[in-house]
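Structural overview
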2 protein chains.
Amino acid sequence: MLAEIITIGDEILIGQIIDTNSAFIAKELNKIGVSVYQITSVQDDKTQILKALAEAESNANIIIMTGGLGPTKDDITKLTLCEFFGDHMVTNKEVLANVEMLFEKYINTPISDLNRKQALVPSTCTVMMNKYGTAPGMWFKKGEKVFISLPGVPYEMKALVTNEVLPNLRKTFKFPYILHKTLLTYGLGESAIANRIEAFEDSLPSNFKLAYLPNLGKVRLRLSAKGMDKKAIEDQMQRLIELLIPQIEDIFVGFEGEETIETIIGAQLKERRQTLSLAESFTGGKISEFITKHSGASKFYKGGINCYATETKINILGVDETIIKAYGVVSNEVAKAMAIAAKQLFQTDYAAATTGNAGPEKGDEQAEVGEVCIAVAGPSQVIVENFNFGNHREKVIDKGVNKALEMLLKEILKN
Amino acid sequence: MLAEIITIGDEILIGQIIDTNSAFIAKELNKIGVSVYQITSVQDDKTQILKALAEAESNANIIIMTGGLGPTKDDITKLTLCEFFGDHMVTNKEVLANVEMLFEKYINTPISDLNRKQALVPSTCTVMMNKYGTAPGMWFKKGEKVFISLPGVPYEMKALVTNEVLPNLRKTFKFPYILHKTLLTYGLGESAIANRIEAFEDSLPSNFKLAYLPNLGKVRLRLSAKGMDKKAIEDQMQRLIELLIPQIEDIFVGFEGEETIETIIGAQLKERRQTLSLAESFTGGKISEFITKHSGASKFYKGGINCYATETKINILGVDETIIKAYGVVSNEVAKAMAIAAKQLFQTDYAAATTGNAGPEKGDEQAEVGEVCIAVAGPSQVIVENFNFGNHREKVIDKGVNKALEMLLKEILKN
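Residues numbered from 1 in each chain as written. Chains lettered and ligands numbered in written order. Predicted model: local features only at pLDDT ≥ 70, side-chain atom pairs only at ≥ 80, totals over all residues. Heavy atoms only, no water.

Rules: UniProt positions are given in the numbering used here, feature names are shortened, and annotations may be inferred rather than shown by experiment.
Under the annotation held in an unreviewed UniProt entry, chain A carries the name CinA-like protein and is attributed to Paucihalobacter ruber. Of the comments in the UniProt record for chain A, the one headed Sequence similarities (unreviewed entry) reads "Belongs to the CinA family."

And the structure:
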């Protein structure tokens, strides 16, 4: 069973926004056993949308579109769908009531005719109510195929996919079972891992696939399988993972799925009833953001100091100024002092600290662009490592975040 | 002149990664006058890649691919390109030397035959050297059309686009001029803006387009134009913007381009020689991350406290515990006290503070899910506002970040 995703909007084709919708939809479809054959992004242009719809119809059974459903003139998806299905627009009373309710309850500006037009939908579609916005989801049948049009606003689209699209697809089709397991590794390159597990990879059953997903210091290994017999696939996956893990034990940190390294850290700390604090210089709060974007962080995360300025490291975090003067602000000694200071200030079991020069200029610091020091203070020891993450600011910051999380998890697992 | 982007990789089609490459490439192509007709994401599958290449060839003059160039078995782009062009692989000595240099200089593991195979390229392509990784960029000619294959790792791809692809495209083709101007607005909905500027929109010249890009409390208005006469387009754009701005003066905060609201804040503070600190609870460090991801933040940003835990608000930030007990931790009073405390602790001219319940559970707090309070302390006053941003954690956090930046900028511009 194949699906195709079409994301509609000039803003995608000129690169003004990154299309995050198709990744979400693809992931959710995979979970219910639907493979995505292709993702296509097209402009708000009738001819192009019609062409993409015709091509998608020839490739897939399920076609999901997002975007182009706003109230303004550049949004033409509904009119185009009318043309594609030879349909016309009618006012849907339930949608109209929803639009009026949303304006009354949440929106400060008065409702206009433009807003009310959001209740116009092609007459043959089944409407899926959008709790968070004025544009409804629309479900069309054409022969054996299903066409679904969703709003482009990510959280509106996500709620419709979860609450309406997936349950309705399950009722409409019988799906094969797709299983992915992703093993998260830190510290070894893609090809070094591939060399090490070559025999494992060559002996994979034909319905299994292995992929390497390298990203700034971590490599994810994804095993994928597909078939009609759920139990058999799960058993086979389990056996393969039991074969694989001993071969990568030194670099394996956990499974990714709903899990990421920061949720694994959170789970470990909560289980141990231990706590964490942070002192971030060149990572600027990004480690803290990673930790707190998952709910439940308040159970183990006491907080952090974003000490971008040297004076903040001294005055607020409490690092001894003489250490900074003696070794320079980007030094193992300062990173260690920062981790120790944060651990003490926040009274936590662990503290991670980062200091470095993310670039692009050398600035006042002695450190070269890309030079960073990362320390983790734990219950029994303080570890510190230094790196040169190169001359690309975004990459230096992201590698720093990944490396700090890796060092932190390894230290937690030691205790 | 049309281009098409093909991103290759199973990880995109199963939603494991978000394709950020195509947005970057599309933006860069637009700058030199090339419109992107379509973006297509396909699996690491020979048949599919060949089909996408053939379709792209019929739509566009410039076809840019990313991905599938790694050393492992799942990467098949090079072999597929050989088939597409009827070509065969040869070893490129310069690439081999680069791979060997990268391993010697930056990589801890010894080089393997798999790594050396990265130097195999189709014989008819022109190689573009990749300074940051082992997979080179490749440039193919087929009649009047150009096919370009780039590595999927974003920072490697970006460097190749900037240093090789764009200059070579300029040498090869003559491009029309494309101009985008994006006006950043905060505080009014998409359709309310559309109503207000309807006459302006209806009177736009035929080579101009206006688009509305709403996103969690901000709406970007993008004016796009295309033509061969650069000067005429720039003059016309200038006149239109001078017409538009007076109509949206109350909600307009600046132009987006290279600019975002946080870079506008940074520029304003640097110009005024003023400083900023932060106290973030439910936003967890994300405002700080936004501020510090741009270089030069050290000129005005002294730092912040991520005070996710109530005890951190009291013990480290210095908020009076009696205020928290009297009003609850999510309250205007606590937000104000946090901003005032941060401003004093860091000795800054401005401080922004956030407190709220991002959900998904109510937790120990009295506050409902989605309730947030945001305060900004400035040189002469402290402002505070409260909101209910709904029951979606990610959305609550992102709306909180946007709103805090909006309030901060407005307060800076008042003084």
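Here the narrative resumes, following the displayed structure.
1. Brief notes about the overall build of chain A
Which entries qualify depends on this criterion: In this text, helices come from DSSP runs of H or I with a minimum length of four residues, and strands from runs of E with a minimum of two, each type numbered from the N-terminal end. Partly exposed residues are those whose accessible area sits between 20% and 50% of the maximum for their type, while under 20% is buried and over 50% is exposed, using a 1.4 Å probe and protein chains only. Calculation of accessible area relied on Shrake-Rupley with a 1.4 Å probe; when residues are assessed, cover is drawn exclusively from the protein chains displayed. This count recognises Lys and Arg as positive and Asp and Glu as negative, with His and chain-terminal groups excluded. A charged residue contributes its charge at one atom only: NZ of Lys, CZ of Arg, CG of Asp or CD of Glu.
Regarding its fold elements, chain A presents 16 helices and 17 strands. By principal-axis analysis of the C-alpha atoms, chain A measures approximately 75 × 60 × 40 Å. Looking at chain A as a whole, 60% of its 415 residues qualify as buried. A total of about 16,700 Å² of accessible surface is found on chain A, and carbon and sulfur atoms cover 49% of it. Both charge centroids of chain A, one from 46 positive and one from 52 negative side chains, sit 5 Å from each other.

2. Comments concerning the state of the cysteines
All names here are of chain A. Here is the rule we go by: Any cysteine sulfur atom paired with another within 2.5 Å is treated as part of a disulfide.
Following the criterion strictly, the structure yields zero disulfides over all chains and no others. Unpaired in this structure, cysteine 307 has its nearest cysteine sulfur neighbour in cysteine 373, at a distance of 13 Å. Judged by its relative accessible area of 0%, cysteine 307 falls in the buried class.

3. Things to note about the relation of the copies chain A and chain B
Our working rule: The copies were overlaid by least squares, fitting only the C-alpha atoms of residues that reach a pLDDT of 70 or more in each copy. Only heavy atoms matter for contacts: two residues are in contact if any of them lie within 4.5 Å across the pair.
For the pair chain A and chain B, the superposition axis carries a translation of 0.0 Å, the fit reaches an RMSD of 0.1 Å, and the rotation angle comes to 180°. Viewed as a symmetry operation, the transformation between the two copies matches a two-fold axis. Both copies share a contact surface, since 100% of the interface residues of chain A are interface residues in chain B too.

4. Quick notes on the sheet that holds strand 10 (residues 208-215) of chain A
Working definition: the strands of a sheet are paired by backbone hydrogen bonds and lie parallel or antiparallel to each other. Residue and element names in this part refer to chain A. Selection criterion: Two strands qualify as a pair provided DSSP detects at least 2 bridges between them. Note on method: axes are straight lines fitted to C-alpha atoms, helices fitted across the in-contact stretch only, with angles between N-to-C directions ranging 0 to 180 degrees.
Spatially, the four strands line up as an open sheet ordered 10-11-9-12, and their pairing is antiparallel. Each edge of the open sheet carries a strand with a single partner, namely strand 10 and strand 12 (252-256). When the angles between neighbouring strand axes are averaged without regard to direction, this sheet yields 20°. As paired strands, strand 10 and strand 11 (residues 218-227) are joined by eight bridges and run antiparallel to one another. Its bridge partner being in strand 11, tyrosine 212 is matched across the sheet by leucine 221. Across the sheet, helix 11 (residues 261-272) is in contact with strand 9 (177-186) and strand 12; its angle to strand 12 comes to roughly 105°. Contacting strand 9, strand 10, strand 11 and strand 12, helix 16 (residues 393-414) crosses the sheet at an angle of about 85° to strand 9.

5. Here's the deal with helix 5 (residues 93-106) of chain A
Test applied: Here, expected helix span is obtained from the residue count minus one, scaled by 1.5 Å. By arc we mean the arc of the directions from the helix axis to the C-beta atoms, nothing more. Polar contact criterion, stated in full: a pair of N or O atoms within 3.5 Å, where within protein one must be able to donate a hydrogen and the other to accept it, and residues adjacent in sequence count only if both atoms are side-chain atoms.
Look at helix 5 of chain A: 20 Å from first C-alpha to last across 14 residues, which is about the 20 Å you get at 1.5 Å a residue. Where helix 5 of chain A is concerned, the buried positions are A:Val95, A:Asn98, A:Val99, A:Leu102 and A:Phe103. The buried residues of helix 5 of chain A occupy an angular sector of 130° when projected down its axis, which confines them to one face. Exposed positions of helix 5 of chain A whose direction lies more than 90 degrees from the buried face are A:Lys93, A:Glu94, A:Glu104 and A:Lys105. Contacts made by the buried residues of helix 5 of chain A are with helix 6 (113-116) and strand 6 (126-128) of chain A together with helix 8 (190-196) of chain B. The residue sitting at the N-terminus of helix 5 of chain A and contributing the capping side-chain oxygen is A:Asn92; that oxygen lies 3.0 Å from the backbone nitrogen of A:Glu94.

6. A look at the interface of chain A and chain B
Which entries qualify depends on this criterion: Buried surface area refers to the total accessible area, computed with a probe of radius 1.4 Å, that the two partners give up upon joining, counted for both partners together. Any carboxyl oxygen of Asp or Glu within 4 Å of a side-chain nitrogen of Lys or Arg constitutes a salt bridge here. Three categories are distinguished: nonpolar for Ala, Val, Leu, Ile, Met, Phe, Trp, Tyr, Cys and Pro, charged for Asp, Glu, Lys and Arg, and polar for the others, with Gly belonging to the last.
Taken residue by residue, the interface counts 95 residues in chain A and 95 residues in chain B. Between chain A and chain B, the buried area comes to about 7,600 Å², and carbon and sulfur atoms account for 51% of it. In this structure, the connection of chain A to chain B is made through eight salt bridges. If you look at where chain A meets chain B, you find 41 residue pairs in polar contact (both at pLDDT 80 or more). The leading source of residues in the side of chain A that touches chain B is strand 2 (residues 35-42) of chain A, at seven residues. Here the residues of the side of chain A that touches chain B sort into 34 nonpolar, 33 polar and 28 charged. As paired elements, strand 14 (residues 301-306) of chain A and strand 14 (residues 301-306) of chain B share three bridges and run antiparallel to each other. If you follow A:Ile305 over to strand 14 of chain B, its bridge partner there is B:Ile305.

7. Re the sheet that holds strand 13 (residues 276-280) of chain B
Spatially, 10 strands are ordered 17(A)-16(A)-15(A)-13(A)-14(A)-14(B)-13(B)-15(B)-16(B)-17(B) in an open sheet, and the strand pairing comes out mixed. Of all strands in the sheet, those bounded by a partner on one side alone are strand 17 (382-388) of chain A together with strand 17 (382-388) of chain B. Strand after strand, the sheet turns through a mean of 10° between neighbouring axes, direction not considered. Bridge analysis of strand 15 (residues 350-356) of chain A against strand 16 (residues 371-377) of chain A gives six bridges, and the strand direction is antiparallel. From the neighbouring strand, A:Gly356 faces strand 16 of chain A, where its bridge partner is A:Val372.

8. Examining helix 13 (residues 310-317) of chain B
Helical geometry note: an α-helix holds 3.6 residues per turn, so side chains three or four residues apart project in the same direction. If you check which residues of helix 13 of chain B are buried, you get B:Thr312, B:Lys313, B:Ile314, B:Ile316 and B:Leu317. B:Gly318, located one to two residues past helix 13 of chain B, shows a positive phi value of around 95°.

9. Structural notes on the pairing of strand 17 of chain A
All names here are of chain A. Pairing analysis gives seven bridges linking strand 16 to strand 17, with the strands arranged antiparallel. Within strand 17, the position partnered with valine 376 by the bridge is isoleucine 383. Connecting strand 16 to the antiparallel partner strand 17 that follows it, the hairpin turn spans four residues.

10. Section: the environment of B:Phe208
All names here are of chain B. Mapped onto the fold, phenylalanine 208 is located in strand 10 (residues 208-215). The exposure class assigned to phenylalanine 208 is buried, which follows from its relative accessible area of 5%. On a C-alpha basis, the gap between phenylalanine 208 and histidine 180 in space is 9.6 Å, while along the polypeptide they are 28 residues apart. When sequence neighbours within four positions are dropped, the list of residues in contact with phenylalanine 208 reads Leu223, Ser224, Ala225, Ile233, Gln236, Met237 and Leu240.

11. Some points on the domain arrangement of chain A
Residue and element names in this part refer to chain A. Condition: In this document the domain limits rely on a domain assignment from an automatic tool or a database.
When cut into domains, chain A gives domain 1 (2-172), domain 2 (177-255) and domain 3 (261-414). Inter-centroid distance (C-alpha atoms) of domain 2 to domain 3 is 31 Å. Listed by partner, the interface residues are 10 residues for domain 2 and nine residues for domain 3. Here domain 2 packs against domain 3, burying approximately 800 Å² in sum over the two surfaces, 67% of which is carbon and sulfur. Of all residues in domain 2, Tyr186, Leu216 and Val253 give up the largest surface area on contact with domain 3, accounting jointly for 73% of the area buried on that side. For the interface between domain 2 and domain 3, the tally reads zero salt bridges. Summed over the shared surface of domain 2 and domain 3, the result is zero residue pairs in polar contact (both at pLDDT 80 or more). For the side of domain 2 that touches domain 3, the elements supplying multiple residues, two or more each, are strand 9 and strand 12. Of all the elements, strand 12 adds the most residues to the side of domain 2 that touches domain 3, at three residues.

12. Quick word on the side chain of A:Lys399
Following the sequence through the fold, A:Lys399 ends up in helix 16. Within the buried set, A:Lys399 has no salt-bridge partner at all; the shortest N-O distance to an opposite charge, 8.5 Å, is to B:Glu156. Every residue in contact with A:Lys399, bar those within four places of it in the chain, is listed here: A:Leu216 and A:Phe389.

13. So, the environment of B:Glu249
Residue and element names in this part refer to chain B. Within the element layout of this structure, glutamate 249 appears in the loop between helix 10 (230-244) and strand 12 (252-256). Judged by relative accessible area, glutamate 249 falls into the exposed class, the value being 57%. In this structure, the C-alpha to C-alpha distance between glutamate 249 and threonine 348, residues 99 residues apart in sequence, is 29 Å.

14. Section: the packing of helix 2 (residues 21-31) of chain B against helix 7 (residues 154-172) of chain B
Residue and element names in this part refer to chain B. Here is the rule: Roughly parallel means an angle under 35 degrees; roughly antiparallel means over 145; roughly perpendicular covers 65 to 115; every other angle is labelled oblique. Note on convention: the crossing is left-handed when the near helix lies turned anticlockwise from the far helix by less than a right angle, right-handed when the turn is clockwise.
At a closest axis distance of 11 Å, the pairing of helix 2 and helix 7 adopts a crossing angle of 25°. When the axis of helix 2 is compared with that of helix 7, the two are roughly parallel. The hand of the helix 2/helix 7 crossing is right-handed. Mapping the contact onto sequence places Asn21, Phe24, Ile25, Glu28 and Leu29 in helix 2 and Pro154, Met157, Lys158, Val161, Thr162, Leu166 and Leu169 in helix 7. The residue inventory of the contact of helix 2 with helix 7, partitioned by class, reads eight nonpolar, two polar and two charged.

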